[in-house]
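A structural walkthrough
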Amino acid sequence: MLSTLAIQAQTVSKELRKIRLEGPAQGTQFHITYFATDSVVKRQEIDSILKVIDLSMSVYHKDSKISLFNQDTATHIEMDKHMAHVIAASFRYNKLSSGQFDITIAPLVNLWGFGVKRSEVVPDSATVYQAKKFVGMHYLNVKGRRLIKKKPGVKIDVNGIAQGYTVDVLADHLKHKGLSSYMVEVGGEIRASGAPPEQQGFSIGILHPDENKQGEIITAIVQLRSGALTTAGSFEKFIQYKNKKMGHHINPLTGFPYTTRVLSVSVYAKTAMDADALDNYFMGMEPAEIIAKARKLKGIEVFVIYHDKKQTIQTIYSDGFGKLFKN
């Protein structure tokens, strides 16, 4: 996945200080680094923003808007601005992906043991078929700020896009505070602007599994000075199914986890929300397909780690992504 490298400038300008904020966020951690003459953004501000987003879209918060919508008796919810923004984007990516990106996938995510409701039992085809009856964004409708459920039992999960959106909200907050050199990271999803003193950008490592040592190693380092970089991968969260490792990315059209050779996809985009949605979509493709699709999307670059036919780890990336590599 993504690993933030230590940023140590040999000579730091006397006018600028390196300020770092970190803490829990959305079941993982957030890390913010910015350069300013004074402490412009406080930890309390970040915690306040995160709390508002959690109360909107966290499936782990029982009183959030999304949790209320997911109740069996619920027929609709009045969305706040955060939820409305993410739902609108989800419809766009559902159309772009021909249904592969689908936030109504919650019943399947829970069934396979990757959601709020953990399950140790691997589902059979009949159980998957029953759960899939509640999956499809045609079961949702939006009227103004109202999200309407067309079929009882439909539940949504925006984890495939909301974390990237959170990164964008935090980055925009730093920008509005007048900062021009900062990096925001939540659970490996990153957006950056500017660079540390005497650097060309923020250095970010992309990891792949070291299968001999059962760990992870950095396979590439990019230098990010604008835009976002996110990664989806199958080697950290997976299950064993019929003697196969299957990652946590589920195909909403079949109900089963994807079985491609791809181990991870890192996506560069203008916003972290766009990159986050696309990296999940790309996990259902073969490596060459990912490159071909990225070429058709404006401003999108990709770095793919995959197994070849001999089960050796290989990498492939788009031409534009190659320009991000640290010299």
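First things first, this report covers the structure right here in the doc. Just so you know, these numbers come straight off a predicted model, no measurement behind them.

The next point concerns the sheet that holds strand 6 (residues 146-149). Pairing within the open sheet is antiparallel, and its 3 strands lie in the order 4-6-5. Single-partner strands in this sheet number two, and they are strand 4 (76-78) and strand 5 (140-143). Between one strand axis and the next, the sheet turns through 20 degrees on average, direction left out of account. Where helix 3 (residues 81-96) meets the sheet, its contacts fall on strand 4, strand 5 and strand 6, and the angle it forms with strand 5 comes to roughly 125 degrees.

We now examine the packing of helix 1 (residues 43-57) against helix 6 (residues 159-176). For any two helices packed against each other, one specifies the crossing angle of their axes together with the interaxial distance. The contact between helix 1 and helix 6 brings their axes to 11 Å, and the two run at 145 degrees. Read as a crossing pair, helix 1 and helix 6 show a hand that is right-handed. Along the contact surface, helix 1 presents Glu45, Ile46, Ile49, Leu50, Ile53 and Met57, while helix 6 presents Ala162, Tyr165, Thr166, Val169, Leu170, His173 and Leu174. Each residue belonging to the contact of helix 1 with helix 6 can be placed in one class, and the counts come to 10 nonpolar, 2 polar and 1 charged.

Spatially, 8 strands are ordered 2-3-7-8-11-14-15-16 in an open sheet, and the strand pairing comes out antiparallel. Of all strands in the sheet, those with a lone pairing partner are strand 2 (17-25) and strand 16 (313-317), marking the two edges. Across this sheet, the average inter-strand angle for adjacent strands is 10 degrees, counted without regard to direction. Pairing of strand 7 (residues 182-186) with strand 8 (residues 189-193) involves 5 bridges; the strand directions are antiparallel. Within strand 8, the position partnered with Val184 by the bridge is Arg191.

Calculation rules
In this numbering scheme, every chain counts its residues from 1 along its sequence in written order. pLDDT decides what is reported in this predicted model: residues at 70 or higher carry local features, side-chain atom pairs at 80 or more are listed and counted, and totals for whole chains, interfaces and linings draw on all residues regardless. Where side-chain values are given, they derive from all heavy atoms of the structure, hydrogens and water being excluded. The rule for pairing is simple: two strands pair if DSSP sees at least two bridges between them. Helix and strand assignments follow DSSP, with helices taken as H or I runs no shorter than four residues and strands as E runs no shorter than two, numbered in order from the N terminus. To define axes, lines are fitted to C-alpha atoms, for helices over the stretch in contact only, and angles between the resulting N-to-C directions are given on a 0 to 180 degree scale. For this analysis, residues touch if any pair of their heavy atoms sits within 4.5 Å. By convention, the crossing between two helices is left-handed when the near helix turns anticlockwise from the far helix through less than a right angle, and right-handed when the turn is clockwise. For this classification, Asp, Glu, Lys and Arg are treated as charged, while Ala, Val, Leu, Ile, Met, Phe, Trp, Tyr, Cys and Pro are nonpolar and the rest, including Gly, are polar.

It is worth stressing that arrangement in space is one thing and function is another; only the former is reported here.
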